[in-house]
Amino acid sequence: MNGVSLEVDCSLDTAFVTLTGTWRLHCVMSSRSCDCRIAVPMGEQIDGGTNMSVKLRWCQKLLYCDGQFTLNIPFNFPEYVTPAAKKISKRETIQLNVNAGPGTEILLKTTSHPLKEQLRQAGKLGFFYESEVLSWSSSDFVFTYSVSSSHTLGVLLSPALVHDVDHRDAFCCYLFPGKQQSRKAFRREVVFAVDITGSMSGKLLEDTKTALFTALAKLDPEDLFNVIAFNDGTLLFSSSLERATAEAIEHVTQWINTNFVAGGGTNILLPLNQALKMLSDRCNSIPVIFLITDGSVEDERIFCDTLKHQLTNKENICPRIYTLGIGAFCNHYFLRMLAIIGRGHHDAASVDSIEDRMKGLFARASSVVLADIVFQNLNELDDLEVFPSQIPDLSSESPLIVSGRYRGTFPETLKINGVLPDMSNCPLDLKVHEAKEMPIDKIVAKHQIEQLTAQAWYSDNEELKEKIAKMSVQNAIISEYTNMVLLETDKGKINADSPVGKKVSGKGDHHKAEDPKPQKIIMLPIMGIGFGNLTATAENIPPGSCYTRPPDAAEVFAKAASDCCARLCGRCCCMCCIQTCSRMNDQCAILITQLCGALACLGCYACCGVCCGGND
């Protein structure tokens, strides 16, 4: 690697990252070519000695804990990408911009790399780092900051863009909870509904049990809980909610170890109905249902209708539904729709991230400080749409971002109301500002696409699907209704008629430049998470598996042989070998050269003997 540059723009709770890296393919001779893969297939072979520059862009959520935002970006590189020659320039750069909103004050806490402050304005900070290094960064880039407690809520307005898919104006409402010590959370009443079907066998179920034990250990003695294991039927730890005493936690731990045995099919409706019945007519608390599953079921839309009807008729605070989908065989949009209806949250976990995802989801659900949030003075707006349609609770573990579209005149102050843990009302007035330099459309685009996709699945609305596809293309965000392609164009030889040629020569040639003609279009695999797989669920296929026939003996032998050869070639051409050769002294290099020459002579002598030896 010859150079790396990192640019980050933090706005509210989102970081927009651009990473630019330059590599030289120098373990292959310039007369040879090889396949190269950097993040995505590049399609053609690359000549030895080629310099490759790749720019990657993505967005990620900032971590939030105890009133502080943390940006964590992978920025550590293995030693073998460091050029062996000391004369080769190795330059690292980091550009960081933070925009916390109008009128805010940003307080820097920690940073992993030596940043130099370039900009300090109200609500904005700018930093820069540049250095010639002997070896590339060996640690991730971590930056922590906080926002002054007097500016932790507000509303930003953004007019519709000219080429926007949605021609309505946009708004973004943000609430930051502040430090956890100053916030009292609701008492917890929680029911865990855990999938123990056949596909959850092995490591999957063991990791789920570990995550469940961790969550149970965080309950206080005055909290209430229960555990339901389900497959075709259900197993209940208790017929009613139990207090989370030390004795009860020890008892439920033994019960889980005994009864969590993978087997059977999937029936999600039964355990959710049992959990709703247990949590009915609760007061002075936030009842929570945790649903953990890796499968899909039939009649999911009908179940959403039933759940919506049951929760609408609740007089007290209705149960919150938090869903964790494992793998690609469950319908994540069904689970997301359940969370939207139940004012909870949905998260997706791979087979290796169950414990971490469960930990974050439980922390969010168990630290609610403001519930039943409603907007009170937006009735005069026309064509109002809010994302999500049911506003989630404010947790001390995460900021709350609610966006929307509207027509009309937005009020100068947004009035909202919520319920505090002592069940008293909490009216709030949020000041409204114009989002002059805040990319509201980019901040909320991914979240809106996910919410709309769940609604499109639920309603099976073709117009909504088409809208999502247009939003996906406009914002360059993957969706279920678009595909990503690699488009290769032939830039050709730079001449005076090309735009580049004009810029270099500066001779003012005004001939019309011909657009590069596309040579090849490579359709990438579908990158969405999909809408579940009923067949895989019915056959109890574990997440992460795919439908492939078992290889025969000949294929196994051929693959083993090719892997062996590949590993052998890798040892001969790897960076370690090159760096070792670059550190040899002259006498050693001469000796190896003479040895290789002698072996070459012996090889020629043997060849001549075979060709000219005749019948001797």
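Residues numbered from 1 in each chain as written. Predicted model: local features only at pLDDT ≥ 70, side-chain atom pairs only at ≥ 80, totals over all residues. Heavy atoms only, no water.

Within an unreviewed UniProt entry, the label attached to the chain reads Inter-alpha-trypsin inhibitor heavy chain H2, and the organism entered is Sesamum latifolium.

Draft legend 1. A look at the sheet that holds strand β1 (residues 3-11). Sheet architecture is open: six strands sit in the order β7-β2-β1-β10-β13-β12, paired in mixed fashion. The outermost strands of the open sheet, each flanked by one partner alone, are β7 (51-61) and β12 (116-121). Averaged over all pairs of adjacent strands, the angle between their axes in this sheet comes to 10°, without regard to strand direction. With nine bridges joining them, β1 and strand β2 (residues 14-24) adopt antiparallel strand pairing. Paired with V4 across the two strands is G21, which belongs to β2. (Pairing = 2+ DSSP bridges. Helix = DSSP H or I, 4+ residues; strand = E, 2+ residues; numbered from the N terminus. Axes fitted to C-alpha atoms, helices over the stretch in contact; angles between N-to-C directions.)

Draft legend 2. The arrangement of a nonpolar patch on the surface in detail. Among the surface-exposed residues, V485, L487, I521 and M523 lie close enough to one another that they form a single nonpolar patch of about 410 Å² accessible area. Among the elements of the structure, β30 (485-489) and β31 (518-523) are those that each provide at least two residues to the nonpolar patch. On the basis of relative accessible area, I521 is assigned to the exposed category, the value being 59%. (Patch = residues over 30% accessible without salt bridge, like charges linked within 9 Å, V, L, I, M, F, W, Y side chains within 5 Å. Areas by Shrake-Rupley, 256 points an atom, 1.4 Å probe, with all protein chains shown as cover. Salt bridge = Lys/Arg side-chain N within 4 Å of Asp/Glu carboxyl O. Buried < 20%, exposed > 50% of the residue type's maximum accessible area, 1.4 Å probe, protein only.)

Draft legend 3. Quick peek at the packing of aromatic side chains. Scanning the entire structure with this criterion turns up 23 aromatic pairs. Here F192 and F290 contribute two aromatic rings whose centre-to-centre distance is 5.5 Å and whose plane-to-plane angle is 20°, an arrangement assigned as stacked. In this pair, F192 sits in strand β17 (residues 188-195) while F290 sits in strand β21 (residues 286-293), placing the two residues 98 residues apart along the sequence. A relative accessible area of 0% means that F192 is categorised as buried. (Phe/Tyr/Trp six-rings, centres within 6.5 Å; stacked < 30°, edge-to-face > 60°.)

Draft legend 4. Fine view of helix α2 (residues 246-259). Under the 1.5 Å per step criterion, the end-to-end length of α2 is 20 Å for 14 residues, consistent within 8% with the ideal 20 Å. Inspection of α2 places A248, I249, V252, W255 and I256 among the buried residues, and these make up the whole buried set. Looking straight down α2, one finds its buried side chains confined to an arc of 125°; they lie on one side. Of the residues in α2, the exposed ones pointing more than 90 degrees away from the buried face are A246, E247, E250 and T258. Packing partners of the buried residues in α2 comprise α1 (203-217), β18 (224-230), β19 (234-236) and β20 (242-243). (Expected span 1.5 Å × (residues − 1). Arc of directions from axis to C-beta. Contact = heavy atoms within 4.5 Å.)

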